[in-house]
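These are the residues of each chain, in order.
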Amino acid sequence: MTDYSFVALACGLIIGLGAIGACIGIAIMGGKYLEASARQPELMNTLQTKMFLLAGLIDAAFLIGVGIAMLFAFANPFHA
């Protein structure tokens with residue numbers, strides 16, 4: 001395999017594993033939010049605000065990974 005094929009595999013792994021991690025993280029957080037709001041309905045607004053803030057941070061981490069993968073794909077810094 002050439003160097004470009006390794007870069008393509010690495011980009012696919014970065015994006016794929018990042019997406020899986022972000023989806024699992026948001027799913028767990030959503031489930032915990034539903035449990036907490038069922039226990040204490042008076043805290044739903046506060047919990048919802050914190051949940052959406054954390055969802056944005058989880059997605060931001062995934063998008064940083066996508067940006068790094070695009071750097072490797074289009075402006076390969078390892079190409080000599």
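Please refer to the structure placed before this passage.
This one's a predicted model, so the numbers in the text were calculated from it and none came from an experiment.

Asker: Would you mind going over the packing of helix H1 (residues 3-39) against helix H2 (residues 44-74) with me for this structure?
Answerer: Describing two packed helices takes the angle between their axes plus the distance from one axis to the other. In the contact formed by H1 and H2, the axes pass within 9 Å of each other and the chain directions differ by 175 degrees. On the basis of the axis angle, H1 is roughly antiparallel to H2. Residues belonging to the contact of H1 with H2 are distributed by class as follows: 22 nonpolar, six polar and one charged.

Asker: I'm lost on H1 in this one. Help?
Answerer: A rise of 1.5 Å per residue sets the reference length of H1, with its 37 residues, at 54 Å; its end C-alpha atoms lie 54 Å apart and thus fit the reference within 8%. When H1 is considered as a whole, its buried residues turn out to be Val7, Cys11, Ala22, Met29, Tyr33 and Ser37. The elements touched by buried residues of H1 are H2.

The rules we used
- Residues numbered from 1 in each chain as written.
- Predicted model: local features only at pLDDT ≥ 70, side-chain atom pairs only at ≥ 80, totals over all residues.
- Heavy atoms only, no water.
- Axes fitted to C-alpha atoms, helices over the stretch in contact; angles between N-to-C directions.
- Helix = DSSP H or I, 4+ residues; strand = E, 2+ residues; numbered from the N terminus.
- Parallel < 35°, antiparallel > 145°, perpendicular 65-115°, else oblique.
- Nonpolar A, V, L, I, M, F, W, Y, C, P; charged D, E, K, R; others polar.
- Expected span 1.5 Å × (residues − 1).
- Buried < 20%, exposed > 50% of the residue type's maximum accessible area, 1.4 Å probe, protein only.
- Contact = heavy atoms within 4.5 Å.

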